[in-house]
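Chain residues, written in single-letter form:
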Amino acid sequence: MVPASLREVLSRLPTGVTVLTVGGERGHGMTANAFCSVSLDPPLALCCVARPARIHEAILSTRSFGVSLLAADQQHLARYFADRTRPQGMAQFDGVDWVPGPRTGAPLLAGALAWVECGLTEVYHGGDHSIFLGEVLMSSRGSDQDALLFFAGAFHQIAAPGRPAESV
């Protein structure tokens, strides 16, 4: 059991909000804030996923994953992909605007700040999670928008350069 004090301390670290995705037969999406860049040369990124999560087996099966970095106005998508009662498989993307990633076919959400597609290179044991290390196969950036952040148990936004910050 995680001490409440550790959970409280870690909630003070602002994080970006992403949706991890896998396409094809094992199609699935999941809101995650445990995503980061590891290296620029070679280009590597990682995500951490709880082993019981449905997307865990999907990533292992497809050996790839997509990442959509959410904009401030996409809080509804963060909540949707965190909701365990949404449809399973590719049906969960029916009401969502997305395109298949050009390298992996993983759904990439329209209107996001940026997108990354990764080929799985390593899997590391990390307590009750797996740390998926991926080679970045493709990355692209959307338009300059405010970013969605998670801090102290709530969603917030950080302004794009030249714009004032607000809470959402």
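Look a little higher up for the structure.
Residues numbered from 1 in each chain as written. Predicted model: local features only at pLDDT ≥ 70, side-chain atom pairs only at ≥ 80, totals over all residues. Heavy atoms only, no water.

## Quick word on the side chain of Ser-130
The condition is simple: Under the DSSP-based scheme used, a helix requires at least four consecutive residues in state H or I and a strand at least two consecutive residues in state E, with every element numbered from the N terminus. Polar contacts here mean pairs of N or O atoms no more than 3.5 Å apart (in protein, one a potential hydrogen donor and the other a potential acceptor; neighbouring residues in sequence count only if both atoms are side-chain atoms). Two residues qualify as a contact provided that any one of their heavy atoms is within 4.5 Å of a heavy atom in the partner residue.
Mapped onto the elements, Ser-130 comes out in strand E10 (residues 129–141). Within the local environment of Ser-130, its side chain forms a polar contact with the side chain of His-56, the two groups lying 2.7 Å apart. The contacts of Ser-130, once residues within four sequence positions are left out, are Cys-47, Cys-48, Val-49, Arg-51, His-56, Val-123 and Tyr-124.

## Comments concerning the pattern of salt bridges
What counts here: The working definition used for a salt bridge is a side-chain nitrogen of Lys or Arg within 4 Å of a carboxyl oxygen of Asp or Glu. To sort residues, take the accessible area from a 1.4 Å probe on protein chains only and compare it with the maximum for the residue type: under 20% means buried, over 50% means exposed, and anything in between is partly exposed.
Counting across every chain of the model gives one salt bridge. Ionic pairing is found between Asp-144 and Arg-141, a salt bridge with its closest N-O pair at 2.2 Å. In this structure, Asp-144 and Arg-141 share a single accessibility class: exposed.

## Focus on the pairing of strand E3 (residues 28–32)
Both faces of the sheet carry side chains from a regular strand, because those side chains alternate between them. Inclusion rule: The pairing criterion for strands is at least two bridges between them, as found by DSSP.
The element E3 is extensively covered by neighbouring structure, given that four of its five residues are classed as buried. Hairpin connection of strand E2 (residues 18–22) to E3: five residues between the antiparallel strands, including Gly-24 at a positive phi of 75°.

## What to know about the sheet that holds strand E4 (residues 35–40)
We count it as follows: Axis angles are defined between N-to-C directions and span 0 to 180 degrees, where every axis is a line fitted to C-alpha atoms and, for a helix, only to the segment in contact.
With respect to topology, seven strands assemble into an open sheet ordered E3-E2-E6-E9-E10-E5-E4, the strand pairing being antiparallel. One side of each edge strand has no neighbouring strand; the edge strands of this open sheet are E3 and E4. Taking each pair of neighbouring strands and ignoring which way they run, the sheet shows an average axis angle of 30°. Relative to E10, strand E5 (residues 43–50) is paired through seven bridges, and the arrangement is antiparallel. Along E10, the bridge assignment pairs Ala-45 with Gly-134. Each of E2, E3, E5, strand E6 (64–69), strand E9 (114–126) and E10 is contacted by helix H2 (residues 54–62), which is oriented at about 50° to E2, the strand it contacts most.

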